[in-house]
Amino acid sequence: MQPEITDSLVKLARTLSSKEQSHFVKHLRQHKAKRESKLLKLFRLVVRQAKGELEDYKPASRSFIPANSLPPLRHLLYQKLLRFLALQFDISKRAEVSRMIDEAHLLINRGMIKEALKIARRAEQQAEQHQLQFLRLELSLLSRRLVRQFATQELQHTVAQDRQNAEGTLRTIEAEMEWHNRYEKLYLHKRLNQEEALQEALTSLPPRQQQPLPHSLEGQAYYHLGYRLKANAERDFEQELFHAQALVRLFEENDVMLTDQLPRYLRAVSNLITSYFRLGKMAAAYQKIKQMQQLKTNNYYQSAQLHSLAMSSEILYCFLTEQTQVVRRNAAGYEQLLEEYQPFIPHERYLEICYNTAVAFLTGKQYDGCLEWLNRCLIQRDNPAFQERRVGTKVGLNVETRAIALRLIVFYELGQERLLRRFIVRAKQYFKGAVPDGLQALAGIPPFLQLLQRKAEEGTVMADADALATALKQRPGFEEFVQWVEQFS
C-alpha cells in the first residue's frame, strides 16, 4: 500500500514524471556549487516517500538538516519546484501568450519598442485564434502603451482600432460572465441542496429558444452547462443528453481547450456517459469509455482523473449490461490503479469504485472478495487525509451507509456470528445518527439479521422479508439488498 500523502511537498513530488524529476535535479545542480546540496538531498528523500520507498522524509533528513532548519528549507524547495514547473513545463496556449506579454513589457522597459511591437502582434494573433479573452484585453492595453512610445502617421487609426478591439473583447467577457453567473447559481443551489433557491434560479433562466448561442467558446461552455442542469432538474433526459453532447463536442473540436483543460473535459465526458446510461444507450456509453481511455495526459493529476473516471464508468457499464464477472476479473487491476493514484482520486468516486466492486463479488457469491472491498471502502472513509469537506453535507455518506449495511450481510453469509453481533450494535447506533431519509430503509437490515440469528419461525422470517423488500424497493439504488432479502420471502 502507498503511504498516506498529506504533505504538500510530497503531493507535488508525487505528480512529477521521471523526465521532470531529472530536469529539476539538473536545475538544482546548476544553481549550486556543490553537486550534493541540502536541497537536492531533501528532494531525493521527498521523491522516495512519494514513491512509497520511505515512510517519512523528515526523520531521514535530520542527518544533514537541523530540525529547526527543515521548515524553511522545505518551503524553499516547494517554491523552487513550483516555479520550475511553471516555467519549464506549462506549455498551454494561455501560458505561451502570457509569457509573450511579459517579454513585450520587458523589451519596452529596455527601450526596444519595435521588437516589443513584433512580439505583441504575434501574441494578439494567438490570443484571438484561441479566444483567450482576458489576455486579448491585456494585449489591447499593451498595444496602446506601445503606440504612445513613438508618433507615426498611423497613430490615430491604431489607437482607434485598439479601442474598438478592447470594447469588443469587454462585450464578449461580459456575455461569458453572465452565463457563468447563471450556471454558478444553479450549481451552488443544487450542490448545497437549496431546493427553493434552485427552483427560483431555474425559473429565472429563460427558455433556450429565446437565448442565442454565445460567440465565444467559454460562453458556449457555460451555456450548455446551465441548460444541462436545468434539463436534469426537470427530468428531461433527452435535453440533458443534447447539452452534454454539445459540451463534449465543443472540447473535441478545439484542440487547445482539449489540451489545456483536460480535467474539465473529463468532467464533461462523465456527465455525457451518465446521460447515456440514463437513456439506455449502452453502445454509445461503451464507445465513449474506450475513446476516453486512449487520451494522453500531461501529468499525474490528469492521469488520476482519467483512470478513476474510466474505472468508475466501466464498472457501472458492466452492472447495467449484467457483466459483473468482468468487474471481478479486473478487480486486481482496479486495486493497483487505486493505490497508485489514491491521493488525487475524488473521495466519493474512490468510495463508489470500492463499493461497486464489492457488490460485483456479492453477485458472484464470492463473499471473501466482497468483504475485502467493503473494508477498503470503509478504511478510506475513515482516513482523514483523503476526506473532502462540503458545506451542509458529508461527502460519500450514501456509499458509506450502504457499505455498513452490506458488510453485515457478508458477515452473515460467511458465518461470522460474533463479528455480526458486534457490528449490528454499531450499525443501529449509526442509523440513529444523521442518516438522510432516502437511506433510512437500510435501517431495517440489522433487525432482520438479528431475526435470522435467533432462528425465528419461517413464517415470521418470510413476513419480515416481504416488508423489508417492499420498503427497499420504494427507493432506487438498493437492488443488491432487495435481491438478497427476497431469497427469504
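As the structure is a prediction and not an experimental result, all values here were calculated from the model. (Residues numbered from 1 in each chain as written. Predicted model: local features only at pLDDT ≥ 70, side-chain atom pairs only at ≥ 80, totals over all residues. Heavy atoms only, no water.)

A.B. asks: What am I meant to see in the pattern of salt bridges here?
C.D. replies: Between side chains of opposite charge, pairing is possible as soon as their charged atoms come close. Considering all chains together, one arrives at 14 salt bridges under this definition. D56 serves as the salt-bridge partner of K58, at 3.7 Å between the closest nitrogen and oxygen. Given a relative accessible area of 26%, K58 falls into the partly exposed group. Judged by its relative accessible area of 30%, D56 falls in the partly exposed class. Among the ionic pairs, R376 bridges to E335, the shortest N-O distance being 2.9 Å. With R376 in helix α19 (residues 367-382) and E335 in helix α17 (residues 324-341), this residue pair connects regions lying 41 residues apart in the sequence. For R376, a relative accessible area of 14% translates into the label buried. (Salt bridge = Lys/Arg side-chain N within 4 Å of Asp/Glu carboxyl O. Buried < 20%, exposed > 50% of the residue type's maximum accessible area, 1.4 Å probe, protein only. Helix = DSSP H or I, 4+ residues; strand = E, 2+ residues; numbered from the N terminus.)

A.B. asks: How should helix α7 (residues 113-129) be read in this particular structure?
C.D. replies: Because each turn of an α-helix spans 3.6 residues, side chains separated by three or four positions end up pointing in the same direction. Helix length check: α7 (17 residues) gives 24 Å between terminal C-alpha atoms against 24 Å at 1.5 Å per residue, within 8%. When α7 is considered as a whole, its buried residues turn out to be I113, A116, I119, A120, A123 and A127. Seen end-on, α7 carries its buried residues on one side only, within an arc spanning 120°. Seen from the buried face of α7, the exposed residues on the opposite side, beyond 90 degrees, are K114, K118, Q125, E128 and Q129. Positioned one or two residues after α7, Q131 has a phi angle of 55°, which is positive. (Expected span 1.5 Å × (residues − 1). Arc of directions from axis to C-beta.)

A.B. asks: Would you take a moment to explain a nonpolar patch on the surface for this structure?
C.D. replies: Together, Y187, L188 and L192 make up an exposed nonpolar region whose accessible area comes to about 230 Å². Among the residues examined, Y187 registers a relative accessible area of 33% and is labelled partly exposed. (Patch = residues over 30% accessible without salt bridge, like charges linked within 9 Å, V, L, I, M, F, W, Y side chains within 5 Å. Areas by Shrake-Rupley, 256 points an atom, 1.4 Å probe, with all protein chains shown as cover.)

A.B. asks: Sorry, what's going on with the packing of helix α16 (residues 300-320) against helix α18 (residues 347-363) here?
C.D. replies: Two quantities define a packed helix pair, namely the angle between the axes and the distance from one axis to the other. Packing of α16 against α18 brings their axes to within 10 Å, and their N-to-C directions diverge by 35°. The interaxial crossing formed by α16 with α18 has left-handed handedness. Between α16, through Q305, S308, L309, M311, S312, I315, L316 and F319, and α18, the contact on the second element is made entirely by R349, I353, N356, T357, V359 and A360. Its residues placed into classes, the contact of α16 with α18 shows eight nonpolar, five polar and one charged. (Axes fitted to C-alpha atoms, helices over the stretch in contact; angles between N-to-C directions. Left-handed = near helix turned anticlockwise from the far one by under 90°. Contact = heavy atoms within 4.5 Å. Nonpolar A, V, L, I, M, F, W, Y, C, P; charged D, E, K, R; others polar.)

A.B. asks: Can you help me understand the packing of helix α11 (residues 217-233) against helix α12 (residues 237-252) in this one?
C.D. replies: Where α11 meets α12, the closest approach of the two axes is 8 Å, and the angle between their N-to-C directions is 160°. Put simply, α11 runs roughly antiparallel to α12. Along this stretch, α11 crosses α12, giving a crossing that reads as left-handed. Facing α11, whose interface residues are L217, Q220, A221, Y223, H224, L225, Y227, R228, A231 and N232, α12 presents Q239, E240, H243, A244, A246, L247 and L250. Class assignment of the residues belonging to the contact of α11 with α12 gives a composition of ten nonpolar, five polar and two charged. (Parallel < 35°, antiparallel > 145°, perpendicular 65-115°, else oblique.)

A.B. asks: Sorry, what's going on with unusual backbone geometry here?
C.D. replies: With glycine set apart, most residues show a phi of negative sign, and most peptide bonds adopt trans. In this structure, Q131 takes a positive phi of about 55° despite not being glycine. Given the relative accessible area of 26%, Q131 is considered partly exposed. Its identity as a non-glycine residue notwithstanding, R235 has a phi of 60°, on the positive side. Inspection of the secondary structure puts R235 in the loop between α11 and α12. Look at R235 and you get exposed, because its relative accessible area is 56%.

A.B. asks: Any chance you could explain the packing of aromatic side chains here in plain terms?
C.D. replies: One pair of aromatic rings is described through two measures. These are the centre distance and the angle between the planes. Considering all chains together, one arrives at 20 aromatic pairs under this definition. Their ring planes at 70° and their centres at 6.5 Å tell us that Y412 and F488 sit as a pair that is edge-to-face. Taken as a pair, Y412 in helix α20 (residues 397-414) and F488 in the segment after α24 (479-485) lie far apart in primary sequence, 76 residues in all. By relative accessible area, which is 27% here, Y412 ends up partly exposed. When the ring of F448 is compared with that of F488, the centres are 5.6 Å apart and the planes differ by 70°; the resulting orientation is edge-to-face. With F448 in helix α22 (residues 445-453) and F488 in the segment after α24, this pair connects stretches of sequence that are 40 residues apart. Assigned by exposure class, F448 and F488 land together as buried. Its guanidinium or amino end placed over the ring of F344, K11 lies 5.2 Å from that ring's centre, counting from NZ or CZ. Above the plane of the ring of F64 lies K41, whose end atom (NZ or CZ) is 5.5 Å from the centre. (Phe/Tyr/Trp six-rings, centres within 6.5 Å; stacked < 30°, edge-to-face > 60°. Lys NZ or Arg CZ within 6 Å of the ring centre and 35° of its normal.)

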